[in-house]
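Reading the structure
These are the residues of each chain, in order.
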Protein chains: 2
Amino acid sequence: MLKVKVYVTLRESVLDPQGTAVKKSLQMMGHHSVEDVRIGKYMELTFADDAANLDTLVKEMCDKLLANPVIEDYRYEIEEVVVQ
Amino acid sequence: MLKVKVYVTLRESVLDPQGTAVKKSLQMMGHHSVEDVRIGKYMELTFADDAANLDTLVKEMCDKLLANPVIEDYRYEIEEVVVQ
């Protein structure tokens, strides 16, 4: 089984209101050492063993569906999972 | 500067309608090798250099705010970022 971990994050130049809200909540909880919070998406995709050209496949999935190329960046890691 | 990467995912036993919807969309795009999609949150927290007991801090933040302990699991990685 093949597993791909995809991380989608807002570009540095893009405001992150959700992250700002979480930062303020943490600081109100007394965590004043928190300087910044950025929130993104984390996806785990499972592929059939015979999936070929995974790099090309995942790039196309990210470009077309999983990430918004205008405001988001993405990176991914491919893992082989041995099923007992 | 200290950076903590937090990954929040739904527990295996919890249904993931968002993941299911993305899986179906990918398969409609022709990606039939996709067997499963699980979607979670990815957060990057930046701390002041003098932040102490980071493990304890981050665990408390996750338990109280960043993750829902009833339906979600979390893991995190602590990184030292050298600012040029």
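Residues numbered from 1 in each chain as written. Chains lettered and ligands numbered in written order. Predicted model: local features only at pLDDT ≥ 70, side-chain atom pairs only at ≥ 80, totals over all residues. Heavy atoms only, no water.

1. Structural notes on the packing of helix α1 (residues 17–28) of chain A against helix α2 (residues 54–66) of chain B
It is the contact of α1(A) with α2(B), at a shortest axis distance of 11 Å, that shows an interaxial angle of 115°. The orientation of α1(A) relative to α2(B) falls into the category roughly perpendicular. The element α1(A) and its partner α2(B) pack so that their crossing is right-handed. Contacts between α1(A) and α2(B) involve Val22(A), Ser25(A) and Leu26(A) from the first element and Met61(B), Leu65(B) and Leu66(B) from the second. Grouping the constituent residues of the contact of α1(A) with α2(B) by class yields five nonpolar, one polar and no charged. (Axes fitted to C-alpha atoms, helices over the stretch in contact; angles between N-to-C directions. Helix = DSSP H or I, 4+ residues; strand = E, 2+ residues; numbered from the N terminus. Parallel < 35°, antiparallel > 145°, perpendicular 65-115°, else oblique. Left-handed = near helix turned anticlockwise from the far one by under 90°. Contact = heavy atoms within 4.5 Å. Nonpolar A, V, L, I, M, F, W, Y, C, P; charged D, E, K, R; others polar.)

2. Here's the deal with helix α1 (residues 17–28) of chain B
In this model, α1(B) (twelve residues) spans 16 Å end to end at C-alpha, consistent with the 16 Å of a helix rising 1.5 Å per residue. For α1(B), every residue scored as buried is listed here: Gly19(B), Val22(B) and Leu26(B). One face of α1(B) carries all of its buried residues, which in axial projection span an arc of 65°. Exposed positions of α1(B) whose direction lies more than 90 degrees from the buried face are Pro17(B), Lys24(B) and Met28(B). Contact partners of the buried residues in α1(B): β2 (34–47) and α2 (54–66) of chain A together with β2 (34–47) of chain B. Just downstream of α1(B), Gly30(B) is the residue with a positive phi angle, here 105°. (Expected span 1.5 Å × (residues − 1). Buried < 20%, exposed > 50% of the residue type's maximum accessible area, 1.4 Å probe, protein only. Arc of directions from axis to C-beta.)

3. Brief notes about the interface of chain B and chain A
At the junction of the two partners, chain B supplies 32 residues and chain A supplies 32 residues. Buried surface at the junction of chain B and chain A, summed over both partners, amounts to about 2,800 Å²; 64% is from carbon and sulfur atoms. It is His31(B), Ser33(B) and Tyr42(B) that lose the most area in chain B upon contact with chain A, and together they represent 19% of the buried surface on that side. The tally of links between chain B and chain A comes to zero salt bridges. Applying the counting rule to chain B against chain A returns twelve residue pairs in polar contact (both at pLDDT 80 or more). Sorting the residues of the side of chain B that touches chain A by element identifies β1 (2–10), α1, β2 and α2 of chain B as the ones contributing at least two each. As defined by bridge partners, β2(A) adjoins β2(B) across 13 bridges and the pair is classed as antiparallel. Paired with Met43(A) across the two strands is Ile39(B), which belongs to β2(B). (Buried area = accessible area lost by both parts, 1.4 Å probe. Salt bridge = Lys/Arg side-chain N within 4 Å of Asp/Glu carboxyl O. Polar contact = N/O pair within 3.5 Å; in protein donor to acceptor, adjacent residues only side chain to side chain. Pairing = 2+ DSSP bridges.)

4. Thoughts on the relation of the copies chain B and chain A
When chain B is fitted to chain A, the best match, at an RMSD of 0.0 Å, comes from turning it 180° and sliding it 0.0 Å along the axis. Overall, the copies show the geometry of a two-fold rotation axis. The share of interface residues of chain B whose copies in chain A are also at the interface is 100%, consistent with both copies meeting through the same surface. (Least-squares fit on C-alpha atoms with pLDDT ≥ 70 in both.)

5. Concerning the pairing of β1(B)
Residue and element names in this part refer to chain B. Burial within β1 is extensive, with eight of its nine residues counted as buried. Pairing analysis gives seven bridges linking β1 to β2, with the strands arranged antiparallel. Bridge assignment links Leu 2 to a residue of β2, and that residue is Phe 47. Both β1 and strand β3 (residues 72–80) contribute to a ladder of nine bridges, which runs antiparallel. Residue pairing for β3: Leu 2 is matched across the bridge by Glu 80.

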